[in-house]
Amino acid sequence: MGAVFAIGKDLVLRFRLGPISGALNPASLGTALGLSLLLLGLALWLRRGIPKDPEAPPSRRLLLLVVFLEFVEKQVLGGMPGKLRRSLLPLIATLFLFILACNLSAVIPVPGMVAPTQDLNVTLGLALFVYLLTHLYGIRSKGAFRHIRGYLEPIPVMLPMNLVGDMGRTLSHGFRLFGNILGGAIMVAVVLPVMVNLIVRVFMRLLGDFLGPALASPVILVVGTGAGLLLNGFFGIFSGTIQAVVFTLLAAAYIQVAAE
Amino acid sequence: MGPELVQGLRYLAAGICMGIGAIGPALGEGRIGASALESMARQPEMANTLLRNMIIADAIAETTGIYSLLVAIMILFVV
């Protein structure tokens, strides 16, 4: 558990600009920037693979891109009208890739590196970004007057309820991603030492007499590594992918509700 | 009250918070999964749409569990 929170607490930079004082976490900021650069490089690499001549046979990178975008369009933006779907597709695909990269970076054991989505500031920032987009799409499709009048539906007395509902929706959107990823990281950090400790004791007792310590320690190493892979695979890769899909699905659903 | 007692009560509170808070999402997600599977068995051609809606409903049912996780973390590490 120390690892998860030590990074958050030790490395926070506190700064003061006149009356404003703030704090900055270089670990999550640096990881997020590095992942962004990585994704930018991936995008440029894929872009260069697209043939200039539209009649040319499709290259492998183009097909990879097509498969990915088709997956996002079918699975995430499935029930939308065609025009909105096309205008949302690049944004939603980018959001999905970024959150997926952030979640999957939790399984890479580099010291000092944390998944940026373990930081509440990152996830709340993404949720606020989606919240602003709902207003943008609402105003664009219905006009500012009708969009604002939507808050007085069904009766004007419901205005505070609608505002509170908006706030709760955005907060829970951000908290959901944060809580899931941080919870998974805590589970890995808490359960893995216990599991390894247990495995070492049990196997040393059972196998130490049977095989001798020289043969037992590689077995313990293999089993311990297997336990680590299992935990990281479930909480890091499986849960991280599901949460990335859920975040983008909900973002698309919120924008669709505002635009209709 | 000594500091050890306070620390112990804090662990107790976090455990109770997480344990009771996990009941609701568990029941809700179980119901959602059960009815989604039932509908998928009845109409396999709807499986894709149902899976998508099931994940959204799961995520919303999970919200209160996430809130209790946050409260437990705050009790343990922040307050």
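Residues numbered from 1 in each chain as written. Chains lettered and ligands numbered in written order. Predicted model: local features only at pLDDT ≥ 70, side-chain atom pairs only at ≥ 80, totals over all residues. Heavy atoms only, no water.

**Points about the overall build of chain A**
Worth spelling out the cut-off: Each helix corresponds to a stretch of at least 4 residues labelled H or I by DSSP, and each strand to a stretch of at least 2 residues labelled E; elements are numbered beginning at the N terminus. Partly exposed describes any residue whose relative accessible area lies between the buried limit of under 20% and the exposed limit of over 50%, with all areas from a 1.4 Å probe on protein chains only and scaled to the type maximum. Residues are treated as being in contact if the distance between any of their heavy atoms lies within 4.5 Å.
A count of helical and extended segments in chain A gives 8 helices and 2 strands. Secondary structure of chain A in N-to-C order comes out as α-β-β-α-α-α-α-α-α-α. Considered along the principal axes of its C-alpha atoms, chain A spans approximately 80 × 60 × 40 Å. Put simply, chain A has 260 residues, and 37% of those count as buried. Across chain A, the fraction of contacts at a sequence separation of at least 24, relative to all contacts at a separation of at least 6, is 65%.

**Describing the overall build of chain B**
Rule in force here: We take the radius of gyration over the C-alpha atoms and set the globule estimate at 2.2 Å times the residue count to the 0.38 power. With residues, only the protein chains shown are counted as cover, and all accessible areas are computed by Shrake-Rupley using a 1.4 Å probe. Positive charges come from Lys and Arg alone, negative charges from Asp and Glu alone, with His and the N- and C-terminal ends not counted. Here the site of a charge means NZ on Lys, CZ on Arg, CG on Asp, or CD on Glu.
Secondary structure summary: chain B contains 4 helices and 0 strands in total. Its helices and strands taken in sequence order, chain B reads α-α-α-α from the N to the C terminus. The C-alpha atoms of chain B give a radius of gyration of 18 Å, which is well past the 12 Å a tight globule of 79 residues would have. Reported as C-alpha extents along the three principal axes, the dimensions of chain B are approximately 65 × 15 × 10 Å. Here chain B holds 79 residues, and the buried ones make up 27% of them. For chain B, the proportion of contacts with a sequence separation of at least 24, taken over those separated by at least 6, is 75%. Per element, the accessible surface of chain B, about 5000 Å² overall, is 72% carbon and sulfur. Taking the 4 positively charged and 6 negatively charged side chains of chain B as two groups, their mean positions are separated by 5 Å.

**Observations concerning the interface of chain A and chain B**
Let me state the cut-off plainly: For any pair of parts, buried area is found by adding up, for both, the accessible area (1.4 Å probe) each one loses once the two are put together. Just to be clear on terms, a salt bridge is a Lys or Arg side-chain nitrogen sitting within 4 Å of an Asp or Glu carboxyl oxygen. Distance and chemistry together define a polar contact, namely a pair of N or O atoms within 3.5 Å, with one atom able to donate a hydrogen and the other to accept it when in protein, and with adjacent residues in sequence counting only for side-chain atoms on both sides.
Between chain A and chain B, the residue contacts involve 21 residues of the former and 14 residues of the latter. Here chain A meets chain B over a buried area of about 1500 Å², counting both sides, of which 70% is carbon and sulfur. If you sort the residues of chain A by the area they bury against chain B, Gln75, Arg176 and Leu249 of chain A come out on top, with a joint share of 29%. Across the contact surface, chain A and chain B share 0 salt bridges. On inspection of chain A and its partner chain B, the count reaches 3 residue pairs in polar contact (both at pLDDT 80 or more). Sorting the residues of the side of chain A that touches chain B by element identifies helix 1 (2-10), helix 3 (60-76), helix 7 (159-211) and helix 8 (213-259) of chain A as the ones contributing at least two each.

**Here's the deal with the side chain of His147 of chain A**
Residue and element names in this part refer to chain A. You can see His147 is positioned in helix 6 (residues 144-149). The exposure class assigned to His147 is buried, which follows from its relative accessible area of 8%. If sequence neighbours within four positions are ignored, His147 has contacts with Thr134, His135, Gly138, Ile139 and Lys142.

**Regarding a nonpolar patch on the surface**
All names here are of chain B. Cut-off, in case you're wondering: Grouping into patches uses exposed residues only, defined as over 30% relative accessible area, and leaves out salt-bridged ones; the cut-off is 9 Å for like charges and 5 Å for nonpolar side chains (Val, Leu, Ile, Met, Phe, Trp, Tyr).
On the surface, Met1, Leu5, Val6, Leu9, Leu12, Ile16, Ile20, Ile23 and Leu27 cluster together into a nonpolar patch covering about 920 Å² of accessible area. Elements represented by at least two residues in the nonpolar patch include exactly helix 1 (3-21) and helix 2 (23-42). The element contributing the most residues to the nonpolar patch is helix 1, with 6 residues. Locating Ile16 in the fold gives a position in helix 1. Of the residues examined, Ile16 reaches a relative accessible area of 45% and is grouped as partly exposed.

**As for the pattern of salt bridges**
All names here are of chain A. By the definition in use, this model includes 3 salt bridges over all chains. Among the salt bridges present, the one from Glu73 reaches Arg85, with a minimum N-O distance of 3.9 Å. You can see Glu73 sitting in helix 3 and its partner Arg85 sitting in helix 4 (residues 82-104), a full 12 residues away along the chain. Here Glu73 falls in the buried class, since its relative accessible area comes to 13%. By relative accessible area, Arg85 is classed as partly exposed at 22%. As a salt-bridge pair, Asp166 and Arg169 come within 3.9 Å of each other at their nearest N and O atoms. Of the two residues, Asp166 and Arg169 are both situated in helix 7; the distance of 3 residues between them amounts to about one turn of the helix. The class of Asp166 is buried, set by a relative accessible area of 10%. The partly exposed category is assigned to Arg169, whose relative accessible area is 24%.

**Here's the deal with the side chain of Asp119 of chain A**
Residue and element names in this part refer to chain A. Structurally, Asp119 can be placed in the loop between helix 4 and helix 5 (120-142). Judged by its relative accessible area of 13%, Asp119 falls in the buried class. Here Asn121 takes part through its side chain, which lies 3.0 Å from a polar atom of the side chain of Asp119. If near-sequence neighbours (up to four positions away) are discounted, Asp119 is found in contact with Asn25, Ser28 and Phe178.

**A word on the confidence of the model for chain A**
All names here are of chain A. Quick note on the threshold: The predictor rates its confidence in each residue with pLDDT, a number between 0 and 100.
Scored by pLDDT, chain A comes out at a mean of 83, with 93% of its residues at no less than 70. At the low end of the mean pLDDT range in chain A sits helix 1, at 43; at the high end sits helix 5, at 92. Predicted confidence is poor over residues 1-9, with pLDDT under 50, and the contacts of this stretch with residues over four places away or in other chains come to 17 contacts.

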